[in-house]
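Observations on the three-dimensional arrangement
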Amino acid sequence: MKDLYVYYQVKEEHAQALEARVRALQGKLAAASGVAPQLKRRPEAKDGLQTWMEIYPVVGEGFTELLANVAEEAGLLSLTAGARHTEVFMDLPPCA
C-alpha cells in the first residue's frame, strides 16, 4: 500500500470554487474506494497564490489513475494555477 500526495497552487479568487469541486471529488472517491482523503493548504498566500495539498492515505493499485480521471472530469485544472503534482510514498518496514 502507498500514500498519495497531490499539491498545486490556486489563485485566491478561485479558492472557494476549487474547494467545492475538490471536496465533491474526495467524497466520490471515498465512497467508491473507502479512502479517507484530506485537504490542506499552507497558511499563507504568496503573490495571490495559495498552495494546496490533497492527501490520500493507504491507496491500492490503480488509485492514481482513478484520481487523475476524476480530477479531469471535475475540471480542477481550470481553477489551478499550473499543474497538479503527484507524489507517492510508502511505509518503511518496521525494525526487527
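So, here's what we can say about the structure. (Residues numbered from 1 in each chain as written. Predicted model: local features only at pLDDT ≥ 70, side-chain atom pairs only at ≥ 80, totals over all residues. Heavy atoms only, no water.)

With the rule as written, the count across this model stands at 3 salt bridges. Note that glutamate 19 and arginine 23 form a salt bridge whose closest N and O atoms lie 2.9 Å from each other. Of this pair, glutamate 19 and arginine 23 both sit in helix α1 (residues 15–33), 4 residues apart, which is roughly one turn of that helix. The partner of arginine 84 in a salt bridge is glutamate 54, with the nearest N and O atoms 2.6 Å apart. With arginine 84 in the loop between α2 (63–74) and β4 (85–89) and glutamate 54 in strand β3 (residues 49–59), the pair connects residues that are 30 residues apart, well separated along the chain. Residue arginine 84 is classed as buried on the basis of its relative accessible area of 17%. For glutamate 54, a relative accessible area of 0% corresponds to the buried category. (Salt bridge = Lys/Arg side-chain N within 4 Å of Asp/Glu carboxyl O. Helix = DSSP H or I, 4+ residues; strand = E, 2+ residues; numbered from the N terminus. Buried < 20%, exposed > 50% of the residue type's maximum accessible area, 1.4 Å probe, protein only.)

Attention now moves to the pairing of strand β1 (residues 2–11). One ladder, built from 9 bridges, connects β1 with β3; its direction is antiparallel. Counted as the bridge partner of lysine 11 is leucine 49 from β3. In this sheet, β4 lies alongside β1 in antiparallel orientation, the contact comprising 5 bridges. When the sheet's bridge partners are listed, aspartate 3 is paired in β4 with phenylalanine 89. (Pairing = 2+ DSSP bridges.)

Look at α2: 16 Å from first C-alpha to last across 12 residues, which is about the 16 Å you get at 1.5 Å a residue. Of the residues trailing α2, glycine 75 is marked for its positive phi of about 70 degrees. (Expected span 1.5 Å × (residues − 1).)

Glancing now at the sheet that holds β3. Within a beta sheet, neighbouring strands are joined by backbone hydrogen bonds and run either parallel or antiparallel to one another. The 4 strands lie next to each other as β2-β3-β1-β4, forming an open sheet whose pairing is antiparallel. Each edge of the open sheet carries a strand with a single partner, namely β2 (38–41) and β4. Between one strand and the next, the sheet's axes are offset by a mean angle of 20 degrees, whatever the strand orientation. Both β2 and β3 contribute to a ladder of 4 bridges, which runs antiparallel. Residue pairing for β3: glutamine 38 is matched across the bridge by isoleucine 55. Packing of α2 onto the sheet brings it into contact with β1 and β3, and relative to β1 it is tilted by some 25 degrees. (Axes fitted to C-alpha atoms, helices over the stretch in contact; angles between N-to-C directions. Contact = heavy atoms within 4.5 Å.)

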